[in-house]
Structures are given as C-alpha cells and as structure tokens.
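# Survey of secondary and tertiary structure
Here's the letter readout for the chains.
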Amino acid sequence: MRLTVQKFGGTSVKSIARIKNVAKVVAVAARSGPVLVVVSAMGDTTDYLAKLAAQTSQAPSKRELDALLATGEQISTALLAMALQDLGFNAISMTGSQLGIVTEAVHNSARIVDIKTEAILRQLEAGAIVVAAGFQGTTPGGDVTTLGRGGSDTTAVALAAALSADCCDIYTDVSGVYSADPNMVPTARLLEEVSYDEMLEMARVGAQVLHPRAVSLAHKHNLPLRVRHTFNPEHEGTLLRGRDAMEIYRPVSGVTLDRDQARLVILKVPDRPGVAGEVFGTLAAHGIGVDMIIQAFNESQAVNDITFTVKRGDLERARQLLDEIAVTLNAEGVLADQDAAKVSIIGLGLMDQPDVAGKMFVELGRAGINIKMISTSDIRISCVVSERQGEQAVKLVHDLFSLGE
Ligand code: ADP
Ligand code: ASP
Ligand code: MG
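What comes next concerns the included structure. Quick caveat, the model's predicted, so the values are computed rather than measured.

### With respect to the overall build of the chain
The number of helices and strands found in the chain is 12 helices and 18 strands. A compact globule built from 405 residues should have a C-alpha radius of gyration of about 22 Å, and the chain, at 23 Å, falls within 12% of that. In terms of principal-axis extent, the alpha carbons of the chain reach across some 80 × 50 × 35 Å. If you take every contact in the chain between residues at least 6 apart in sequence, the share linking residues at least 24 apart comes to 74%. For the chain, the accessible surface area stands at approximately 18,600 Å², while carbon and sulfur atoms represent 50% of it. Averaging the locations of the 38 positively and 47 negatively charged side chains of the chain gives two centres separated by 4 Å.

### What about the packing of aromatic side chains?
Per the counting criterion, the structure on display carries two aromatic pairs. Residues Phe 8 and Tyr 171 carry aromatic rings whose centres are separated by 4.6 Å and whose planes lie at 10° to one another, so their mutual orientation is stacked. Remark: Tyr 171 occurs in strand E9 (residues 168-172) and Phe 8 occurs in strand E1 (residues 4-8); sequence separation between them is 163 residues. Overall, the relative accessible area of 0% leaves Phe 8 in the buried class.

### Considerations on the site of ligand 2
Within the structure, ligand 2 sits among Ser 40, Ala 41, Thr 46, Glu 73, Phe 135, Arg 149, Gly 150, Gly 151 and Ser 152. One of the side-chain nitrogen or oxygen atoms of Arg 149 is found 2.6 Å away from an oxygen atom of ligand 2. For the shell around ligand 2, a count of residues per class yields two nonpolar, five polar and two charged.

### Description of the layout of surface pockets
Within this model, the second largest pocket holds a volume of roughly 280 Å³. Along the walls of the second largest pocket sit 14 residues, with Ile 112, Val 113, Ala 158, Leu 217 and His 221 positioned nearest its centre. Of all the secondary structure elements, the ones that give two or more residues to the lining of the second largest pocket are strand E5 (112-115), helix H6 (152-162) and helix H8 (212-220).

### Considering the side chain of Glu 73
You can see Glu 73 is positioned in helix H3 (residues 62-86). Here Glu 73 is buried and forms no salt bridge, its nearest opposite-charge partner Arg 149 lying at an N-O distance of 7.7 Å. Of note is the side chain of Glu 73, whose polar atom sits 2.9 Å from the backbone nitrogen of Ala 41. The contacts of Glu 73, once residues within four sequence positions are left out, are Val 39, Ser 40, Ala 41, Ala 133, Gly 134, Phe 135, Gln 136 and Ser 152.

### Quick look at the state of the cysteines
Tallying each qualifying case throughout the model produces zero disulfides. The closest cysteine sulfur to the non-disulfide-bonded Cys 168 is located on Cys 167, 6.9 Å from its own sulfur.

### As for the side chain of Glu 104
Note that Glu 104 resides in the loop between strand E4 (101-103) and E5. Residue contacts for Glu 104: discarding those within four places in its chain leaves Ser 109, Ala 110, Arg 111, Val 113, Thr 139 and Thr 145.

### Some remarks on the sheet that holds strand E12 (residues 238-241)
Pairing is mixed in the open sheet, where eight strands are placed in the order E3-E6-E2-E1-E9-E11-E12-E10. Edge positions in the sheet fall to strand E3 (91-94) and strand E10 (193-195), since each has one partner strand and no second. Strand after strand, the sheet turns through a mean of 20° between neighbouring axes, direction not considered.

What counts, and at which threshold
- Residues numbered from 1 in each chain as written.
- Chains lettered and ligands numbered in written order.
- Predicted model: local features only at pLDDT ≥ 70, side-chain atom pairs only at ≥ 80, totals over all residues.
- Heavy atoms only, no water.
- Helix = DSSP H or I, 4+ residues; strand = E, 2+ residues; numbered from the N terminus.
- Rg over C-alpha atoms; globule rule 2.2 N^0.38 Å.
- Contact = heavy atoms within 4.5 Å.
- Areas by Shrake-Rupley, 256 points an atom, 1.4 Å probe, with all protein chains shown as cover.
- Lys, Arg positive; Asp, Glu negative; His and termini not counted.
- Charge placed at Lys NZ, Arg CZ, Asp CG, Glu CD.
- Phe/Tyr/Trp six-rings, centres within 6.5 Å; stacked < 30°, edge-to-face > 60°.
- Buried < 20%, exposed > 50% of the residue type's maximum accessible area, 1.4 Å probe, protein only.
- Near = heavy atom within 4 Å.
- Polar contact = N/O pair within 3.5 Å; in protein donor to acceptor, adjacent residues only side chain to side chain.
- Nonpolar A, V, L, I, M, F, W, Y, C, P; charged D, E, K, R; others polar.
- 1 Å grid on protein atoms, 1.4 Å probe; cavity = no way out; pocket = protein on both sides within 12 Å on 5 of 7 lines; lining within 4 Å.
- Points joined across faces, edges and corners; volume = space filled by probe spheres on them.
- Salt bridge = Lys/Arg side-chain N within 4 Å of Asp/Glu carboxyl O.
- Disulfide = S-S within 2.5 Å.
- Pairing = 2+ DSSP bridges.
- Axes fitted to C-alpha atoms, helices over the stretch in contact; angles between N-to-C directions.

As structure tokens, this is what we get:
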C-alpha cells in the first residue's frame, strides 16, 4: 500500500493546540492508508536547550550537546502520538535509534549512512501511525547524534526514500516556496513548482524553508517533495521535482539573503605556489568551511590579497589561525569584517541571460549599496553587501526582476 510521509516543523507543533491541529491533518491521511509523520521540537525548544548548554559549560562536549538537543524532538513525538491516540488512532512515537537511523560517528552535523527499516515496517504493518523524531540518529556504537540545525527535513526525506514512499510532504508556517522569504518581502510570489537544482542553491544561500541536505537527498532518489502550509493543508503548495525536457526557464526564480556571513582578508601575501593551499588547507584541517574566495593580484608588488567568507560563528577561530599563517607566509596582515550578508539570485535561465548580472550590480549601485564581493555559478549570482543593507538589496532585486508577478 502507498505510504504517506509528512513532516511538521517547529512552529507547527509549538503549542498543545497546534499539536492537536497537526493530529487532525495527519488523521486525514491516516484514514486512507499508512502514514509516517516526522516532527521537529516544539517552537524554539532547540534554541532553548542550546542556551542551557551554553550556560552550563563554556565548551560543552559535542556528544553531550547531541544527547541534550535530541530530547526536544522526543517531547513533540510523544505528545503527537498521544493526540492521535485520543482521536482513536493506533500511534507510536519512535526516537532516532528506535527508527533504525544510523549515522556517521560525527556529532552535531552527522550524515545518515543507513536506515534499518524493520522496526518501522513492523509498526506500520500492525496498523500504527509512526511518529518519528526528526533531526536525530545513532552511531553504530549507539551514541545519539543530531543532523545539524533544520535537519528534520532531511530525516523526513531519508525515511521516505528508505521506505519507497511516492512523495514527501513538508508542512511549515508558509504556503510553500516563494520567490523570496515572504516574511521579508510581502510581494513574494508562491512558486507552484521548483526544480531540485534551483531549490538546492536557494537552500544553500539562505532560503531556510528547506534543509539543503533534504533537497539533495530527494534529488538523488528522484523523490517528489511538496512544501505546504500546516494551517491550510488543502492548498497545493510548491512541488519540487526534476525538470522535464522544456528548455525555457525563468531567468530568475528567487532571491535569498544569508546573514550568517563574515569576511576575512589576508593582505599582500607573496605571489608564489602553495600559498592558497597553506591558507585553506589549515582552515579545513580545523573544520572551518570557506565559502566565496577571491584572489586579487597586485602586479607591481607581486603580492595577492585573498578574500573569503566564513560563517559568523567561525570568524574568531579563523582569524586566530590566519594571524599565525600571515606571519609564516610573510603577509602584511589580516582584516576581519563582521558586517556582511550575502544576497543571491537563483534561476535555471541565468545561463542564457548574460545581462542579468550587470542589471543587478547597476541596481545595487544606484541605491548606494556597496558590493564587497561577487561570486557566480551556472544558476546563481551572489553579492556580499553590508548586513544593514541586505534586506533593502533583496527587495530591490526582487522588484528589478519582477519576481512578484
Ligand atoms: P519549520 O520550522 O517548519 O522547519 P523554518 O522556519 O525552518 O520552518 O522554515 C520556514 C521559514 O522559511 C518561513 O517562515 C520563511 O520565513 C522562511 N523562508 C526563507 N526563504 C523562503 C522562501 N523563499 N520561501 C518560503 N519560505 C522562506
Ligand atoms: N529542532 C531542530 C532545529 O531547530 C531540527 C529542525 O527543526 O529541523 O534545528
Ligand atoms: Mg526548518
């Protein structure tokens, strides 16, 4: 029989009234077949738990942090199972380890390596609605792990793929995927369909509505994903899937803002082989991910300025490491800039529209918004601007390309 997989995010289960409402949405599907429902922690519970850890210890161990954060989802699953039982359904809550979700032995952002589906299938066959804890798994040695913030989307897609569901419905607090964050840009347009490639880029550069790893996993398994509104479940929302043979794409589908950015510059590094390897090899060895990289050559002095971005939380550590590297490489110094946000436009049609980038830069310039860095891919153009101007830049670009129409 066809399995339905649904996922409800934190805002959808933030109170008992909302959990009871979610139970009603699940009940509609459960009347016509087996259902597995994935839930996040209630409201801001994960933030609250992280704050407790920070108040207890300056550097909480990653293992204990995972043990703590995973409890959030266990509260919401147990409550939802109770609400479903009150509606007369057979329902059972299951933790990551009970679900058989095996992850790599890495804490705080573990990737799923396998799902042993026997226990889930036993429950489904017995006629139970399985209420699965999102965001968590277990190492082969039995330690609790979490998948990274926003990771419940990935749990839902992974379970849908492992159980060969036809589709996975992600219920959230907006009606689907929009041309921009509808809470920031009131004129944003709901996209009826979006390709995996576009959505992956959007998710990576700030469209919080889906976890990027969930999008890649759905793409890998060719699993259609639907994003829809918990409080308006009849609405079709947005369908995410591969594109058919049509060749005509919108030049720009969406615009995003990523505020979690900081910029570092290593100034006047001698221009010789091995320098970039030394800088980025060292950062990688310390687990610091680097995003945009620009190297500018000063010919008369035979030196380079190397500029790149990191996540805000990595800025201090990256700066300390760069200070040391700057001395060994005989560079002039290091500059760290917290005031950064990345504005990106995404669209499959960008490949065929060479004038789009220029239009975006002219528009930002006209508004007095200085572009600190630029990077492009086949389907994305990103500009780093001052964080204070990030929202204004998003609205300008949204209007410029008439994305609300
Ligand atoms: P959940 O708790 O359900 O996982 P999230 O807060 O993670 O929900 O994601 C939903 C939020 O994503 C929305 O409230 C919206 O503000 C934000 N968002 C950002 N960009 C977009 C976009 N392009 N389309 C829809 N929502 C977006
Ligand atoms: N509760 C986790 C978080 O807040 C996972 C999720 O909601 O997807 O990040
Ligand atoms: Mg989310």
